[in-house]
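Observations on the three-dimensional arrangement
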Amino acid sequence: MSSVKLIAPYLKGNLFVAIFGMLCLIIVDFLQLIIPRIIKWAIDDISTFQAGTKELLIYALYITGCAVLIGLFRYIWRLSLIGLSRKIEEGLRNRLFFHIQTLSSSYFDKTKTGNLMAHATNDIMNIRMATGMGIVALTDAVTLGGASIIFMGYINIRLTLMVIFPMTALIFFSRFFTKKMHALYMDIQKTFSDMTESAREKFSGIRIIKAYTREKEAALQFDLISKNYVKKNISLVKIIGSFFPMLVLLSNLSLAIVLYVGGKKTMQMDITPGDFVAFISYLALLSWPMMAAGWLINLIQRGRASLDRIDDLLRVTPEIKDSPQAVSLNRAMGDICFKNVLFSYSNTREFAMSDINIKIKHGKILGVVGPPGSGKTTLLNLIPRIYDAGGGEILLDGIDIKRIKVKDLRKNISFVPQEPFLFAGTIRENIIFGQKNIDESALVKAAKEASLYDDMAALKNGFETIVGEKGVILSGGQKQRVALARAFLHDAPVLILDDPVSQVDLKTANIIIENIMKKSGEKTIIIASHRIYAVNFADEIISMEDGRIIESGTHLSLIEKNNYYTTVFRLQEI
Ligand code: ADP
Ligand code: MG
């Protein structure tokens, strides 16, 4: 039962709306039930020649009144009940989004974002359906279904018992078919997204497809998915195509029984002609609640299963979070120290990092070199706790970073990741990145330091240029410089740069490096690169191989050692 607690707050918070909506729904049901009664009165009056113009007009007005009220209340219940289910959906979706954001990188290494999203989307839809249409189906099944049967029984119990049997069969058919339809529908949705994804991928790689003249193969691959999509849709059409005739058959079977048995009873004057017609009207009303009952079972089952899954997801605790004794840290000095640090990614057995010992005083620059895969990025990621070290400790200002509040730790670090990531939005938004009260001069200064400012002039809208999804309209180097400007503007005492000039030309790289050097003294800077020129100015350089530090020193002392660093330096000098 515990997962049902998830929706309780939304129901409680909107209790009035929920009750009001259900009340309107029940009113609609009862208005629908009155109509056969009015028909009965009219027919009985007509068949006994008692109805004059006035009476008939009154009956007509009653029916019209009912119809108008049904329309009005139906509008209100839809708005309140379906609206409520949308609110529940919104609340759960936001809660889930916020929660997933708190999870650690290691979780995202293990879980595919696409799968996570697909599940969350479907599960949340199931919950919305169960709480929205579920309530409607439940109310209709109980009130409309129950009352129709009672009214029919009131007219004639034997006749009611005879028609109930084929009608209850509707519950089972509806359950069977709606279950199948839903499964197929989900499958179709997935195939549809495969199809759009295939088209999107092919169009974004269109230059390569053209260069290798692979248009035909691409079209064939697309056609395969497209055919699959059609096939599944046809299956759905088949299911729906057999569901509705089945419904019609069952309700007509009941109708046949009423015509035969009820007709006889009318002739024998057991029931009046008005009762006979009213009975038929109730029978027609009964179809929907019976179907609703079958559908309801599926809705509830799916909703429950989805609630359980969402509940499980919400129970995943982030690996990296504040420890109970976590201390606050306002603005750090920026002394960083690694003591015997070990680390391995959870999905591998080998150590990605072992025996790391580093000491950096505040205001100093540490350079990290090493071939690709040697562990530079991993090392940098350990400092803001993107991943947690598996052994040893990392200290900031002498405090173990695991004992500092995560938010405070990260606030003290400006980070430029190896792959600069831009969000859809303007360049300005990407640089400011949610910081408050940033004045124009600070923004311009950061852009200049990142050697990005002159590029702004070339772009039509300058800082207001919209970069598109992941920054598609910018070159790799421009994206990298936007990421740099973001870090410079962030102005934290520790600046971590993962290969920050890998995608810019040498001249620009030199300007950026000069600007980075100017920050020494006021900031602790750690800069990783496999290019010597991007680190040779550092106060200390470590060179890494297979997750270990193989040598360290200043540029000059490393050259003297005539080791790995020297070899690479000679190679890159040319
Ligand atoms: P560098 O930045 O020096 O190129 P990395 O720190 O990116 O090196 O990688 C170091 C090692 O860790 C490599 O062997 C790489 O395959 C592995 N690695 C990096 N990221 C992950 C990850 N998320 N999961 C598992 N292994 C990883
Ligand atoms: Mg790297």
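Residues numbered from 1 in each chain as written. Chains lettered and ligands numbered in written order. Predicted model: local features only at pLDDT ≥ 70, side-chain atom pairs only at ≥ 80, totals over all residues. Heavy atoms only, no water.

**Quick word on the sheet that holds strand β10 (residues 548-553)**
Each strand in a sheet pairs with another by means of backbone hydrogen bonds, the pair being arranged parallel or else antiparallel. For clarity, the threshold we go by: Only when DSSP finds a minimum of two bridges between them are two strands counted as paired. Think of it this way: any DSSP run of H or I at least four residues long counts as a helix, any run of E at least two long counts as a strand, and we number them from the N terminus. Throughout, an axis means a line fitted to C-alpha atoms (over the contacting stretch in the case of helices), and angles, computed between N-to-C directions, take values from 0 to 180 degrees.
Read across the open sheet, the six strands follow the order β6-β7-β8-β3-β9-β10; overall the sheet is mixed. Only two strands of the sheet have a single partner each, and these edge strands are β6 (413-416) and β10. Across the sheet, the axes of successive neighbouring strands diverge by a mean angle of 15°, strand direction being ignored. As paired elements, strand β9 (residues 540-545) and β10 share five bridges and run antiparallel to each other. Its bridge partner being in β10, methionine 544 is matched across the sheet by isoleucine 549.

**A look at unusual backbone geometry**
Selection criterion: The rule is simple: take the accessible area with a 1.4 Å probe, protein chains only, and divide by the maximum for that residue type; under 20% is buried, over 50% is exposed, in between is partly exposed.
Although it is not a glycine, threonine 213 sits at a positive phi angle of roughly 40°. With respect to the element layout, threonine 213 can be found in the loop between α8 (206-211) and α9 (215-267). Of the residues examined, threonine 213 reaches a relative accessible area of 56% and is grouped as exposed. Unlike most non-glycine residues, aspartate 546 shows phi in positive territory, near 45°. If you trace the backbone, aspartate 546 turns up in the loop between β9 and β10.

**Structural notes on the packing of aromatic side chains**
Remark: the centre distance and the inter-plane angle together describe each pair of aromatic rings, the angle taken between the planes. Worth spelling out the cut-off: Any two rings among Phe, Tyr and Trp, with Trp reduced to its six-membered ring, count as a pair given centres within 6.5 Å; such a pair is stacked if its planes are under 30 degrees apart, edge-to-face if over 60, and tilted if neither. Note on criteria: charge over ring means Lys NZ or Arg CZ within 6 Å of the ring centre, with the direction from the centre no more than 35 degrees off the ring normal.
Applying the stated criterion across every chain yields a total of 14 aromatic pairs. Their ring planes at 80° and their centres at 4.9 Å tell us that phenylalanine 343 and tyrosine 345 sit as a pair that is edge-to-face. According to the relative accessible area criterion, phenylalanine 343 is buried, its value standing at 4%. Ring-pair connections join several aromatic residues into one group, and the members of that group are Phe173, Phe176, Phe177, Phe243 and Phe244. Geometry around tyrosine 453 places lysine 448 over its ring, the cationic atom sitting 5.0 Å from the centre.

**Quick word on the environment of valine 136**
Test applied: Whether two residues are in contact is decided by their heavy atoms: any pair within 4.5 Å suffices.
Counting through the fold element by element, valine 136 comes out in helix α6 (residues 133-155). Of the residues examined, valine 136 reaches a relative accessible area of 1% and is grouped as buried. Note: C-alpha distance between valine 136 and leucine 495 (359 residues apart in sequence) is 57 Å. When neighbours within four sequence positions are excluded, valine 136 is seen to be in contact with Leu25, Trp77 and Leu81.

**What to know about the packing of helix α2 (residues 15-47) against helix α10 (residues 273-315)**
So the rule is basically this: Roughly parallel here means an angle under 35 degrees, roughly antiparallel means over 145, roughly perpendicular means 65 to 115, and every remaining angle is called oblique. By definition, turning the near helix anticlockwise from the far helix through less than a right angle yields a left-handed crossing, and turning it clockwise yields a right-handed one. All amino acids are sorted into three groups, where Ala, Val, Leu, Ile, Met, Phe, Trp, Tyr, Cys and Pro are nonpolar, Asp, Glu, Lys and Arg are charged, and the leftover types, Gly among them, are polar.
The interhelical angle for the contact between α2 and α10, taken along N-to-C directions, is 160°, at an axis separation of 7 Å. Judged by the inter-axis angle, α2 sits roughly antiparallel to α10. Considering the relative orientation of α2 and α10, their crossing is right-handed. Facing α2, whose interface residues are Gln32, Leu33, Pro36, Arg37, Ile39, Lys40, Ile43, Asp44 and Ser47, α10 presents Pro273, Gly274, Asp275, Val277, Ala278, Ser281, Tyr282 and Leu285. Tallied by class, the residues present in the contact of α2 with α10 amount to nine nonpolar, four polar and four charged.

**Notes on the coordination of the magnesium ion (ligand 2)**
We count it as follows: Any N, O or S atom lying within 2.8 Å of the metal counts as a donor, and for Na, K and Ca the limit rises to 3.2 Å; water is left out, so some sites can look incomplete.
Around the magnesium ion (ligand 2), the protein contributes the donor atoms Thr377 (OG1) and Gln418 (OE1), which lie 1.9 to 2.1 Å from the metal centre. A residue pair is termed long-range when its members are at least 10 positions apart, and threonine 377 in helix α11 (residues 376-382) and glutamine 418 in the loop between β6 and α13 (427-432) qualify at 41 residues.

**Considering the pattern of salt bridges**
Under the convention used in this document: Within this document, salt bridges are pairs made up of a side-chain nitrogen of Lys or Arg and a carboxyl oxygen of Asp or Glu, the two lying within 4 Å of each other.
Under the criterion given, the structure shown has 23 salt bridges. In this structure, lysine 232 engages aspartate 187 in a salt bridge whose closest nitrogen and oxygen atoms are separated by 3.5 Å. Of this pair, lysine 232 sits in helix α9 while aspartate 187 sits in helix α7 (residues 157-204); the two residues are 45 residues apart in sequence, bridging distant segments of the chain. According to the relative accessible area criterion, lysine 232 is buried, its value standing at 18%. Between aspartate 388 and arginine 385 there is a salt bridge, and its shortest N-O distance comes to 2.7 Å. Overall, arginine 385 belongs to the buried group, its relative accessible area being 3%. A single salt-bridge network, built from bridges that share partners, covers Arg86, Glu89, Arg93 and Arg128.

**Comments concerning the site of ligand 1**
Cut-off, in case you're wondering: Throughout, the term near means that a residue has one or more heavy atoms lying within 4 Å of the molecule or strand in question. Polar contacts, as used here, are pairs of N or O atoms within 3.5 Å; protein pairs need one atom able to donate a hydrogen and one able to accept it. Residues neighboring in sequence count only if both atoms are side-chain atoms. Reported accessibility uses the Shrake-Rupley method at a 1.4 Å probe radius. Residues are deemed covered only where the shown protein chains occlude them.
With respect to spatial proximity, the complete set of residues near ligand 1 consists of Asp109, Tyr345, Asn347, Pro371, Pro372, Gly373, Ser374, Gly375, Lys376, Thr377, Thr378 and Tyr387. For ligand 1, an oxygen atom lies 3.2 Å from a polar atom in the backbone of serine 374. Side-chain polar atom of threonine 377 to an oxygen atom of ligand 1: 2.6 Å apart, as the coordinates give it. Contact with the protein chains hides 65% of the accessible area of ligand 1, taken as 560 Å² for the molecule alone. In terms of residue count, the dominant contributor to the shell around ligand 1 is α11 (three residues). Split by residue class, the shell around ligand 1 holds four nonpolar, six polar and two charged.

**Some remarks on the domain arrangement of the protein**
How big an interface is tends to be reported as the loss of accessible area on association of its parts. Let me state the cut-off plainly: As used throughout, domain bounds are those supplied by an automatic or database domain assignment. Buried area: the accessible surface (1.4 Å probe) lost by two parts on joining, summed over both.
Considered domain by domain, the protein is made up of domain 1 (2-314) and domain 2 (336-573). Computed from C-alpha coordinates alone, the two centres of domain 1 and domain 2 are separated by 55 Å. Taken together, the contact between domain 1 and domain 2 spans four residues of the former and five residues of the latter. With both chains or domains summed, domain 1 and domain 2 bury close to 350 Å², and 43% of this area falls on carbon and sulfur atoms. Considering only the surface of domain 1 that becomes buried against domain 2, Ser105, Ser106 and Asp109 emerge as the three largest contributors, covering 84% of it. The tally of links between domain 1 and domain 2 comes to zero salt bridges. Of the residues contributing to the side of domain 1 that touches domain 2, the split by class is no nonpolar, two polar and two charged.

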